[in-house]
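Descriptive structure summary
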Amino acid sequence: MSAREPHATPEVTVYGPGQAPFVVKVGLALRMKKLAYQVVEPSSAEDFTRWNPETGLLPVLEVDGTRIADSSKILDWLDAHHPEPPLLARDPRTARAQRALEQWTGETFYYYWLRWLRALFDLPEVAQLPTTGTSPMIGELARLGVLSRVREAIAERAGDADLGHLDHEFERRLDDLIGFLGTRPYFHADRVSRADLTVVAFLRSLESGHIPGGPRMLAARPPLRELMKRVDVELGA
């Protein structure tokens, strides 16, 4: 039978680098919605523009032939088409705060990651990286071997004053997150929202060492580690 059954499980694909925080964020939202999915990773810089001809930014979500680009728009689409459980609080004021934190987290982490890359590698390609999303240039940097050299470059520049300055700045942003969380189990609410999914996605990149000193910074902040555990439990990890 060529036609899909009325209530058949949708075919869901996420296009993007599997460990990229914006891709992980979408994956966490799909898990929260209990939607099975596969991740298709780019094998070349051309894949970025092939999957998203308009901007070249990933992730892109494909559901039964419909494609949605941009992680935040993907989460909007998921809530519109699969409303339970919701990714935002019912209260409009709380929902606005959660959306604001989602945006702040993505912009802040990506901003510092770019600054570290620029400090580690004096390459024109790094200077041209956009400030949001995962772009074709990421594929080009991977082709050039830049991304695979990050840990080696960090070790070579251990104690570098420029990197140390970035570390201290970024650690203050992590402390800001702890302040935003306060005594609540999740950001601005008592249940998981897209704000928590976004924060956890970027904290995982920290834990994996994709940011200089990330594991050390996270180990020193139990409230953020506990948040990650709560979200994993909530999503059935």
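Now for a description of the structure that goes with this document. In this numbering scheme, every chain counts its residues from 1 along its sequence in written order. Residues qualify for local features only when their pLDDT is at least 70, as the model is predicted, and side-chain atom pairs are given and counted only at 80 or more; totals for whole chains, interfaces and linings, by contrast, use all residues. Where side-chain values are given, they derive from all heavy atoms of the structure, hydrogens and water being excluded.

**Considering the side chain of Thr198**
Here a helix means four or more residues in a row that DSSP labels H or I, a strand means two or more in a row labelled E, and each is numbered from the N terminus. Here Thr198 shows up in helix 9 (residues 194-207). In protein, a polar contact means a hydrogen-donor-capable atom and an acceptor-capable atom, both N or O and within 3.5 Å, with residues adjacent in sequence counting only if both atoms are side-chain atoms; elsewhere, any N or O pair within 3.5 Å suffices. In terms of polar contacts, Thr198 uses its side chain to reach the backbone carbonyl oxygen of Arg194, at 2.8 Å. Every residue pair with non-hydrogen atoms within 4.5 Å of one another is taken to be in contact. Not counting chain neighbours up to four residues away, the residues in contact with Thr198 comprise Lys25, Glu102, Thr105 and Gly106.

**Quick word on the packing of helix 1 (residues 21-32) against helix 9**
Packing of helix 1 against helix 9 leaves a shortest axis separation of 8 Å and a crossing angle of 130 degrees. When the axis of helix 1 is compared with that of helix 9, the two are oblique. Our pair here, helix 1 against helix 9, has a crossing hand that is right-handed. Counted together, Pro21, Phe22, Val24, Lys25, Leu28, Ala29, Arg31 and Met32 of helix 1 and Leu197, Thr198, Val200, Ala201, Phe202, Arg204 and Ser205 of helix 9 form the full contact between these two elements. Here the term charged refers only to Asp, Glu, Lys and Arg, the term nonpolar to Ala, Val, Leu, Ile, Met, Phe, Trp, Tyr, Cys and Pro, and the term polar to all other amino acids, Gly among them. Across the contact of helix 1 with helix 9, the residue classes break down as 10 nonpolar, 2 polar and 3 charged. To define axes, lines are fitted to C-alpha atoms, for helices over the stretch in contact only, and angles between the resulting N-to-C directions are given on a 0 to 180 degree scale. The labels follow the angle: roughly parallel below 35 degrees, roughly antiparallel above 145, roughly perpendicular from 65 to 115, and oblique for the rest. Left-handed describes a crossing whose near helix is turned anticlockwise from the far helix by less than a right angle; the clockwise case is right-handed.

**Thoughts on the pairing of strand 1 (residues 12-15)**
Throughout this description, buried means an accessible area under 20% of the type-specific maximum (1.4 Å probe, protein chains only), exposed means over 50%, and partly exposed covers the range between. Going residue by residue along strand 1, you find Val12 and Val14 tucked away on one face and Thr13 and Tyr15 tucked away on the opposite face as well. Here strand 1 pairs with strand 3 (residues 60-63) via 4 bridges, running antiparallel. Residue pairing for strand 3: Thr13 is matched across the bridge by Glu62. Judged from the 3 bridges that link them, strand 1 and strand 2 (residues 38-40) form a sheet pairing that is parallel. If you follow Tyr15 over to strand 2, its bridge partner there is Val40. With the strands pointing away from the viewer, any crossover whose connection runs clockwise from the first strand over the helix to the second is right-handed. In this region the chain leaves strand 1, passes through helix 1 and returns to the parallel neighbour strand 2; the handedness of that crossover is right-handed. Only strands that DSSP links by at least two bridges are regarded as paired with each other.

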